[in-house]
Amino acid sequence: MDRLPLTIAESLHLIPSVSALDRAAPRIWCLDSVWIGPCSPDPVRHGALRREEFERLEAAIAADAPKDRRTSRLRREGRKNLDQDVLTADDLRQRLEAFSPLLPIVVWTTSAWTDRLFLWWVCDALRRAEVDLDRVYVAEPSLSEDDPHRASECLGIFNEPELAEASALAQPLTRELRDASADLWLAFAGPDPTAFDRLRRLPSAALPRSCEPFRYGFPRRDPDGTLRLSELDQRLLGFLREDEWRRPIDLLIAASPDEPLLFPYRERFVGYRLQRWRERKSEEPYLISEPRPDGVNSFTRVAYRLSEGAKALADGIDSLSQAPPMEIGGCVAYVDPYVVEEDDGDWRIARL
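Summarised in this report is the structure supplied together with it. (Residues numbered from 1 in each chain as written. Predicted model: local features only at pLDDT ≥ 70, side-chain atom pairs only at ≥ 80, totals over all residues. Heavy atoms only, no water.)

1. Observations concerning the overall build of the protein
If you tally the helices and strands in the protein, you get 11 helices and 13 strands. Residues counted as buried form 51% of the 352 residues belonging to the protein. When the accessible area of the protein is evaluated, it comes to approximately 16800 Å², of which 51% is carbon and sulfur surface. (Helix = DSSP H or I, 4+ residues; strand = E, 2+ residues; numbered from the N terminus. Buried < 20%, exposed > 50% of the residue type's maximum accessible area, 1.4 Å probe, protein only. Areas by Shrake-Rupley, 256 points an atom, 1.4 Å probe, with all protein chains shown as cover.)

2. Focus: the side chain of Ser111
For Ser111, the location among the structural elements is in the loop between strand E3 (105–108) and helix H4 (113–129). Excluding anything up to four places from it in sequence, Ser111 contacts Arg116, Glu140, Glu153, Pro208 and Arg209. (Contact = heavy atoms within 4.5 Å.)

3. A word on a nonpolar patch on the surface
Together, Val18, Trp29 and Leu31 make up a nonpolar patch on the protein surface, roughly 260 Å² of accessible area in all. Mapped onto the secondary structure, Leu31 falls in the loop between strand E2 (27–29) and helix H1 (43–64). Accessibility expressed as a relative area gives 36% for Leu31, which makes it partly exposed. (Patch = residues over 30% accessible without salt bridge, like charges linked within 9 Å, V, L, I, M, F, W, Y side chains within 5 Å. Salt bridge = Lys/Arg side-chain N within 4 Å of Asp/Glu carboxyl O.)

4. What to know about the pairing of strand E12 (residues 338–343)
A regular strand places its side chains so that they alternate between the two faces of the sheet. Summarising the sheet, E12 and strand E13 (residues 346–351) pair through six bridges and their orientation is antiparallel. Pairing of Asp343 across the sheet is with Asp346, part of E13. Turn length for the E12-E13 hairpin, with the two strands adjacent in sequence and antiparallel, is two residues, and the turn residue Asp344 shows positive phi of about 55 degrees. (Pairing = 2+ DSSP bridges.)

5. Regarding helix H6 (residues 175–189)
Here H6 is 15 residues long and its end C-alpha atoms lie 21 Å apart, about the 21 Å a rise of 1.5 Å per residue gives. Listing the buried residues of H6 in full gives Leu177, Arg178, Ser181, Ala182, Leu184, Trp185, Ala187, Phe188 and Ala189. (Expected span 1.5 Å × (residues − 1).)

6. Side note on the environment of Asp124
Along the polypeptide, Asp124 turns up in helix H4. What Asp124 contacts, discounting residues up to four positions off in sequence, is Ala182, Trp185 and Leu186.

7. A word on unusual backbone geometry
If you check the backbone angles, Tyr334 has positive phi at about 75 degrees while not being a glycine. The residue Tyr334 is located in the loop between strand E11 (331–333) and E12 in this model. The phi torsion at Asp344 lies on the positive side, around 55 degrees, for a residue other than glycine. Within the secondary structure layout, Asp344 lies in the loop between E12 and E13.

8. Here's the deal with the packing of aromatic side chains
Applying the stated rule across the entire model yields 13 aromatic pairs. Ring plane angle 85 degrees and centroid distance 5.4 Å describe the contact between Trp35 and Trp113, whose orientation is recorded as edge-to-face. With Trp35 in the loop between E2 and H1 and Trp113 in helix H4, the pair connects residues that are 78 residues apart, well separated along the chain. Assigned by exposure class, Trp35 and Trp113 land together as buried. Here the aromatic rings of Trp113 and Phe188 are separated by 6.2 Å at their centres, their planes lie at 75 degrees, and the arrangement is edge-to-face. On the criterion of sequence distance, the pair formed by Trp113 in helix H4 and Phe188 in helix H6 is long-range, its members being 75 residues apart. (Phe/Tyr/Trp six-rings, centres within 6.5 Å; stacked < 30°, edge-to-face > 60°.)

9. Examining the pattern of salt bridges
Applying the stated rule across the entire model yields 25 salt bridges. Here Lys311 and Glu242 are joined by a salt bridge, their closest N and O atoms 3.6 Å apart. Highlighted residues: Lys311 in the loop between strand E9 (302–306) and strand E10 (326–328) and Glu242 in the loop between helix H9 (231–238) and helix H10 (248–254), separated in sequence by 69 residues. The exposure class assigned to Lys311 is exposed, which follows from its relative accessible area of 52%. In this structure, Glu341 and Arg348 form a salt bridge, with 2.7 Å as the shortest nitrogen-oxygen distance. Owing to a relative accessible area of 41%, Arg348 belongs among the partly exposed residues under this scheme. Residues joined in a network through salt bridges with shared partners are Arg127, Arg178, Asp179 and Asp183.

10. As for the sheet that holds E2
One open sheet holds the five strands; their spatial order is E2-E1-E3-E4-E5, and the pairing between them is mixed. Across the chains shown, the open sheet's two edge strands, defined by having one partner strand only, are E2 and strand E5 (171–172). Judged from the three bridges that link them, strand E1 (residues 12–15) and E2 form a sheet pairing that is parallel. Bridge assignment links Leu14 to a residue of E2, and that residue is Ile28.

11. Considering the packing of helix H3 (residues 89–97) against H4
It is at 9 Å that the axes of H3 and H4 come closest, and there the two elements cross at 70 degrees. The angle between H3 and H4 places the two elements in the roughly perpendicular class. The two elements H3 and H4 meet at a crossing, and its hand is right-handed. From H3, Ala89, Leu92, Arg93 and Leu96 reach across to H4, where they touch Trp121, Val122, Ala125, Leu126, Arg128 and Ala129. In terms of residue class, the contact of H3 with H4 is made up of eight nonpolar, no polar and two charged. (Axes fitted to C-alpha atoms, helices over the stretch in contact; angles between N-to-C directions. Parallel < 35°, antiparallel > 145°, perpendicular 65-115°, else oblique. Left-handed = near helix turned anticlockwise from the far one by under 90°. Nonpolar A, V, L, I, M, F, W, Y, C, P; charged D, E, K, R; others polar.)

In structure tokens form, the structure reads like this:
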């Protein structure tokens, strides 16, 4: 199959995030961030899990929000967006069938972890729907190796001329890349994270620039057997203080835009994870929270500080249950018995 120079206007675009492609037409937005919350290799189960998680988060946010017309309107809009989003392979198939079968399909991605996850999920959906690969292309804008913003590369940072250039250079989605991507998705969304750990070690064009974000959410085990919080939790709680109230927005302001641990998650992750710590049931909570009536959204309505007992977390944890669960693909960190181990500069996912 020869590559054809594609313009943005003559193609159907599958887009994983808000970007300068928002004005591209026609387009299908797939805005569900599969890195946050539960996943499943079974498409129907996956869709049900994503909807359940949205409803749980919506209920938690509503509990902190003022009971007024604005909040009711925002909840209705959130529900409408959920109903319109593409959550399953069947959702994507139905959306594709609404367009001409002659339109080229451009799947957008970058070498960033979250954008690569989107590519893997789409390839699994395209394989299940048996979409003709002769009409599917992959567009991948990228920054130069020496660009100071390369660490924070994602689709949203590129401007319209850069995206137009990437569209013109879009490459056909080969069967090899489709199958490799779909297999990576199935391993990521499966219950055993060691399966993905094995696949990410094999050379493949489907892999992102780095798979480091995959390990950040798992608890760690030192060579001497000491269990520790995940790098994400350690970094996130490190932004909090015992003697000072901080809101999620304050943590985001304090963090560098290129913060290597928090960047793949940014705004959604900070509020999401702090909420999980707040919901953790224990005789001695590690996080203390208080509402902020003047707050306007989930980043400003609640403030947090560390309890005195949280100090001990920096020295290690006695059991996985000391931290709240965190879904990573099809696995639940701190519940399922998996940890990160480091050895000679490398890392692996191991079973306890």
